[in-house]
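# Close look at the chain arrangement
The chain contents come next:
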Amino acid sequence: MKPLLSLTFAAFLATFFQPVAAHAAEPAVAQPTPPEPGAQKAGETEPDLKLREAIARGATIEDIAKLKGPSTKTPQDAIRSLKMGNARFFGGTARRPDMSANERRAQILQQTPFAVVLGCSDSRVPVELVYDQGLGDIFSVRVAGQAVEPGTSGSIEYAVKHLNTRLLVIMGHEGCGAVKAAMLDDAERKAEPENVRYLLDRIVPAVANIPKIRDPKAKMREAVIANVRKQLALAPQNPVVKAAVAKNELAVIGAFYEISSGQVDFLENEDELKVH
Ligand SMILES: [Zn+2]
């Protein structure tokens, strides 16, 4: 696949934006207070700290671009960042991370998301908000019922192969309408438009054999998690994902977002991920 932005075009844009960046660094513009040396914030990695200090010193967009990248986080750092971001979100202390003007401009040179999240299109589950992440942090792939199929797989491959993203999360959520529809009987599903049926057909095998549970809320949770596990089980079949996992450059985990609490439960260990 061709990179989304050609290098030549990126170089042109870099030249174009340079004078603007230099202007923004002039004393007339309010600068953030430089942090105390070594004052690492909770959950901040060493490269994160270096980047923050460089921005506070008025670094150019090229300097910023050099300091950013998914390789500055390990897969475990990436998981920790999402956990801490979600804790801020449901705890009511979300930072809604914004960026300095230079940091935002530096994004024209490259994108360096540390995680690719395959989530549902549901309007109540905006990935960046529930993980309290900012511009350029997450490569977000969203389709009703977060089904792994050629389109979503291609987007995941792009993030892993070309952007060196360190973490793949497949995230389901409480009250998922797509999962609910996949549990309808055949006649009801056949009444849906063709492309909706295509998506539901990717979910049906996941929910066909879930245990009988009387409580409807618990039953839906079980079905959504069964779908997350099923879609996750498809990940190793993807050659790009498989190669990156084998080199310990990518972690693959599941997640369940509870709309009512705002909290994400992470499915990380082998037992949690096993298809029952
Ligand atoms: Zn959904």
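## Concerning the nonpolar core
If you look at soluble globular proteins, the nonpolar side chains tend to sit buried side by side. Grouped together as the largest cluster of nonpolar side chains are 51 residues, with contacts concentrated most on Ala-115, Val-116, Val-117, Leu-168 and Val-169. Take this core: its biggest share by element is six residues, from helix α11 (residues 216-234). With residues up to four places along the chain from it excluded, the contact list for Val-169 reads Leu-82, Ala-115, Val-117, Ile-253 and Ala-255. In terms of nonpolar packing, the next biggest core, distinct from the first, is built from nine residues, Leu-51, Ala-59, Ile-61 and Ala-65 among them.

## Observations concerning helix α7 (residues 150-163)
The end-to-end C-alpha distance of α7, which contains 14 residues, comes to 19 Å, matching closely the 20 Å that a straight helix rising 1.5 Å per residue would cover. Inspection of α7 places Ile-156, Ala-159 and Val-160 among the buried residues, and these make up the whole buried set. When α7 is viewed along its axis, its buried side chains cluster within an angular range of 90 degrees and face the same direction. With respect to the buried face of α7, the exposed residues turned more than 90 degrees away are Pro-150 and Gly-151. Where α7 ends, the next residue or the one after it, Asn-164, has phi of about 55 degrees, a positive value.

Definitions and limits used
Residues numbered from 1 in each chain as written. Predicted model: local features only at pLDDT ≥ 70, side-chain atom pairs only at ≥ 80, totals over all residues. Core = buried A, V, L, I, M, F, W, Y, C linked by C-beta atoms within 7 Å. Buried ≥ 20, exposed ≤ 12 C-beta atoms within 10 Å, placed from the backbone. Helix = DSSP H or I, 4+ residues; strand = E, 2+ residues; numbered from the N terminus. Contact = placed C-beta atoms within 7 Å. Expected span 1.5 Å × (residues − 1). Arc of directions from axis to C-beta.

Geometric descriptors of this kind do not, in isolation, establish any biological role.
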